[in-house]
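# Notes for the structure review
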Amino acid sequence: MFVIQLIEVSDLKKYYSSGLIKKQYTRAVDGVSFQIKKGETLGLVGESGCGKTTVGRLLLHLIEPTSGKIMFDGVNLIGLKKRELRKLRPRMQMIFQDPESSLNPRMKIGESIAEPFRLGLRGKICTHEIKSQIKDLIEIVGLNPEHVNRYPYQLSGGQNQRVVLARILAINPEFIVADEPTAALDVSVQAQILRLIMNLKKDFGLTMLFISHDLEVVRHMSDRIAVMEMGRIVAVDSVKRDDCNRSV
Amino acid sequence: MALLDIIDLRTCFPSPDGLVKAVDTVDLHIDKGERLGLIGETGCGKTVLGLSIVRLLQATTRIDGRILYNDIDILKASDGKMRHMRGKEIAMILQNPTTSLNPVLKIGDQIAEAISLHQGYERKEAWSKAVEMLEAVKIPNSAERAHQYPHELSGGMRERVMIAMGLACNPNLIIADEPTKGLDARTKSQIIDLIHETTSKKALLIITHDLGVAGTICDRIAVMYAGELLEEASSDLILNDPLHPYTRGFINSLPSRGLVPIPGTSPSLIVPPQGCRFHNRCPQAIKICSKKHPEMMEIEKGHKVRCLLYN
């Protein structure tokens, strides 16, 4: 059977250099290759400082790699012109660790979620339509309509992460990099947000790279798991479904 | 014998929206050498409870009730007496070492400060004691590390420095507030082991939302929700045979126990829900739960629960 790989990464490297005369290189990502099928979630685990966040950022081309190839739906992102890259950007999005710093503190929640519409990422759309779309999105992520007029500082960490998810859904991406989306949340809120991400992934048919240092969390969220150490992927394995559902 | 006895503690502070009742009629005791875990969601008042014990809350806070440490009422002690006790008798390891350490002082100086203050050592002696402390918390090359500033250390190292500071004056009671927050799995287990080793024979209060941490270190666990204690029992009973629906929900939301979330969000501490504070999120709530406020009851020896289902 022919499987569509949405993401194909081969021999990806990112070195940071420091010092002028005695140049020293930090090999943040040192030759990483993997594929992600359409609709699949790949979990990426590793200790802090192993380069997993760098991989996530490279995938969305937020930083320039030293060498390697990143194919997104058959297009190599490396060497792409800015304008062409910008066209692709709405199809891939990122959930960051800290929801408070992902949201503009001076924008009301409703304004933040409305931004993708206002930027025209969803085509021409009238103000009235935007309002009803926001109302739907707010409901999908489990917030109350009254939250629309609040500012990020007035909401809890879990609620802000829901806002981030609503904003991402407003863009309607195909691929999401989730970089420790629950690192700043406590156990019970973490469970709520992870369940929400699982459901959204299913309902919207998303493909995902899920980055975390918590193996248990990754096990729940992923179809396959890649383990990173010192900038390299040292193991890739599929997750047996019954294995992680045993205690439910 | 109880080293610390908290009786009917109520801590509230004013806010523009009304009085925030962060700790509401809490009774809790810690025996000599006992390790107690205080668990609960963000904003349930557990940190405020910890800060109430060392009286490190802002001046506008109202603390009522009694906190007896070795039969001395901490809440009635003079400021001078309190300053003398903090660090020497009761030490607090504050959460978030990045903001709790002074960024412009060498870590050696920060530890030495407490040592010279409480134990009257000269500067040089205090410094060498500080280096010893860094060694005790397993910081390699401690003599050189003592000369470094907090920003030169990793998160795990900074947490070790915080622990070294807490232990520096050999206190009888140590309060650790979220000591493993923000650390990755391996560093976390190292810090847990370290706390376990260095605090043997001392009384320990660990404040955390991480049940795994509480389960490994503590003898007993108290569960806090919306300013109140809901359940109190041995770690084994809390983790394997919890009685309160909230404790069960909290445990089931762990990734290793099924990742089943508790619906809803934690209630306001300004106007807490009528009746049982958990009733609007409780899967087993019955009619009376929204009307009657349950009392803490001892179901069996050492296992207390605040729930009408067990009346």
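Above: the structure in question.
Along each chain, numbering runs from 1 in the same order as the chain's sequence is written. As a convention, the first chain written is A and the first ligand written is 1, with the rest following in written order. Given that this is a predicted model, residues contribute local features only at a pLDDT of at least 70 and side-chain atom pairs are listed and counted only at 80 or more, while totals for whole chains, interfaces and linings are drawn from all residues.

### Comments concerning the overall build of chain A
A helix here means a DSSP run of H or I that spans at least four residues, while a strand means a run of E at least two residues long, and both kinds are numbered starting from the N terminus. Looking only at helices and strands, one finds nine helices and ten strands in chain A. Counting all 248 residues of chain A, 41% fall into the buried class. Here contacts are defined at the residue level, using C-beta atoms placed from the backbone and a cut-off of 7 Å between them. For chain A, the proportion of contacts with a sequence separation of at least 24, taken over those separated by at least 6, is 69%. Once C-beta atoms are placed from the backbone, each residue is buried if 20 or more other C-beta atoms lie within 10 Å of its own, exposed if 12 or fewer, and partly exposed for counts between those two.

### Structural notes on the overall build of chain B
Tallying secondary structure elements over chain B gives eleven helices and twelve strands in all. For 311 residues, the compact-globule formula gives about 19 Å, and the C-alpha radius of gyration of chain B, at 20 Å, lands near that figure. Over its C-alpha atoms, taken along the principal directions, chain B stretches across nearly 65 × 45 × 40 Å. Within chain B, the proportion of its 311 residues that are buried is 48%. Long-range contacts, defined as pairs at least 24 residues apart, comprise 62% of the intrachain contacts of chain B with a sequence gap of at least 6. In this setup the radius of gyration rests on C-alpha atoms only. A globule is expected at 2.2 Å times the number of residues raised to 0.38.

### Considerations on the packing of helix α4 (residues 107-119) of chain B against helix α5 (residues 123-136) of chain B
A packed helix pair is summarised by two numbers, namely the angle formed by the two axes and the spacing between the axes. Residues and elements named next belong to chain B. Interaxial angle, 0 to 180 degrees, is taken between N-to-C directions of lines fitted to C-alpha atoms, where a helix line uses only the stretch in contact. α5 packs onto α4 with a crossing angle of 115° between their chain directions and a minimal axis gap of 8 Å. Both α4 and α5 take part in a crossing whose hand is right-handed. When α4 is examined against α5, the residues Gly108, Ile111, Ala112, Ile115 and Ser116 are found in contact with a partner set consisting of Arg123, Ala126, Trp127, Lys129, Ala130, Val131 and Met133. Grouping the constituent residues of the contact of α4 with α5 by class yields eight nonpolar, two polar and two charged. Each crossing is labelled by how the near helix is turned from the far one, with a counterclockwise turn of less than a right angle marking it left-handed and a clockwise turn marking it right-handed. For this scheme, ten residues count as nonpolar: Ala, Val, Leu, Ile, Met, Phe, Trp, Tyr, Cys and Pro. Four count as charged, namely Asp, Glu, Lys and Arg, and the remainder, Gly too, count as polar.

### Structural notes on the nonpolar core
As a rule of thumb, nonpolar side chains are buried together in soluble globular proteins. Nonpolar core, as used here: buried Ala, Val, Leu, Ile, Met, Phe, Trp, Tyr and Cys residues forming one set through C-beta atoms within 7 Å. Ranked by internal contacts, the top residues of the largest apolar core, which has 154 residues, are Ile111(B), Ala130(B), Ala164(B), Ile175(B), Ile206(B) and Val223(B). Leaving out residues up to four positions away in the same chain, Ile175(B) has contacts with Gly50(B), Ile53(B), Val54(B), Ile90(B), Met92(B), Ile93(B) and Leu205(B).

### Remarks on helix α7 (residues 187-204) of chain A
An ideal rise of 1.5 Å per residue puts 26 Å on 18 residues; α7(A) measures up with 26 Å between its terminal C-alpha atoms. Residues Val187(A), Ser188(A), Val189(A), Gln190(A), Ala191(A), Gln192(A), Ile193(A), Leu194(A) and Ile197(A) constitute the buried set of α7(A). If you follow the buried residues of α7(A), they end up packed against α6 (157-171), β7 (175-179) and α8 (215-221) of chain A together with α9 (211-217) and α11 (245-252) of chain B. Gly205(A) lies just past α7(A) and shows a positive phi near 55°. The length a helix should cover is 1.5 Å for every residue beyond the first.

### A look at helix α4 (residues 109-118) of chain A
All names here are of chain A. In terms of burial, α4 is a largely internal element, seven of the ten residues being buried. Contacts made by the buried residues of α4 are with α5 (127-140) and α6. Note on α4: the residue one or two positions beyond its end, Gly120, has a positive phi of about 80°.

### As for the sheet that holds strand β3 (residues 41-45) of chain A
All names here are of chain A. DSSP bridges decide pairing: two strands pair if at least two such bridges lie between them. Taken in spatial order, the six strands of this open sheet run β6-β7-β8-β3-β9-β10, and their pairing is mixed. Edge positions in the sheet fall to β6 (92-95) and β10 (232-238), since each of these pairs with one other strand and no more. Pairs of neighbouring strands in the sheet enclose a mean axial angle of 20°, with direction left out of account. This element, helix α1 (residues 52-59), spans β3, β6, β7, β8 (207-212) and β9 (224-229) of the sheet and lies at about 155° to β8.

### A closer look at unusual backbone geometry
Residue and element names in this part refer to chain B. With a phi angle near 50°, Asp8 is a residue other than glycine that sits in the positive phi range. Inspection of the secondary structure puts Asp8 in strand β1 (residues 2-15). Not every positive phi belongs to a glycine, and Thr25 is a case in point at roughly 40°. For Thr25, a count of 16 C-beta atoms within 10 Å translates into the label partly exposed.

### What about the pairing of β3(A)?
Residues and elements named next belong to chain A. By the criterion of burial, β3 is predominantly enclosed, with five of the five residues buried. In terms of strand pairing, β3 meets β8 through five bridges, oriented parallel. The residue bridging Val45 from the neighbouring strand is Ser212, located in β8.

### Considering the environment of Ser100(B)
Residues and elements named next belong to chain B. Following the sequence through the fold, Ser100 ends up in helix α3 (residues 97-100). On the basis of neighbour counts, which here come to 18 C-beta atoms within 10 Å, the residue Ser100 falls in the partly exposed class. Each C-alpha atom, one on Ser100 and one on Glu159, is 10.0 Å from the other, the two residues being 59 residues apart in sequence. Every residue in contact with Ser100, bar those within four places of it in the chain, is listed here: Leu94 and Met162.

### What to know about the sheet that holds strand β3 (residues 35-39) of chain B
Residues and elements named next belong to chain B. Reading across the sheet, the eight strands line up as β6-β7-β8-β3-β9-β10-β12-β11 and stay open at both edges, with mixed pairing between neighbours. Of all the strands in the sheet, the pair left with one neighbour each is β6 (90-93) and β11 (297-300). When the angles between neighbouring strand axes are averaged without regard to direction, this sheet yields 20°. When β6 meets strand β7 (residues 173-177), the two strands line up parallel, connected through four bridges. Paired with Met92 across the two strands is Ile175, which belongs to β7. Helix-sheet contacts for helix α7 (residues 155-167) involve β6 and β7, and the interaxial angle to β6 is about 170°.

### Focus on the environment of Asp136(A)
All names here are of chain A. Relative to the assigned elements, Asp136 resides in helix α5. Given 13 C-beta atoms within a 10 Å radius, Asp136 is considered partly exposed. Spatially, the C-alpha atoms of Asp136 and Ala166 are 9.4 Å apart, while their sequence positions differ by 30 residues.

### Brief notes about the packing of α4(A) against α6(A)
Residues and elements named next belong to chain A. It is at 7 Å that the axes of α4 and α6 come closest, and there the two elements cross at 20°. Taken as axis vectors, α4 and α6 run roughly parallel relative to one another. The two elements α4 and α6 cross, and the hand of that crossing is right-handed. Touching Ile109, Ser112, Ile113, Pro116 and Phe117 of α4 are Val163, Ala166, Arg167, Ala170 and Ile171, all from α6. Throughout this description, any angle smaller than 35 degrees is read as roughly parallel, any larger than 145 degrees as roughly antiparallel, any in the 65 to 115 degree range as roughly perpendicular, and the remainder as oblique.

### Comments concerning the pairing of β9(A)
All names here are of chain A. When β3 meets β9, the two strands line up parallel, connected through four bridges. Bridging from a neighbouring strand, Val45 pairs with Val227 of β9. Two strands pair when backbone bridges link them, and β9 and β10 are joined in this way by six bridges, in the antiparallel orientation. Residue Met228 lies in a different strand from β10, and its bridge partner there is Ile233. A loop of two residues connects β9 with β10, the two strands running antiparallel in sequence, and Met230 in this loop sits at a positive phi of about 50°.

### Some points on the environment of His29(B)
Residues and elements named next belong to chain B. Residue placement: His29 occurs in strand β2 (residues 18-31). It is 5.8 Å that separates the C-alpha atoms of His29 and Ile6, two residues lying 23 residues apart in sequence. Those residues in contact with His29, other than ones at most four positions away along the chain, are Ala2, Leu4, Asp5 and Ile6.

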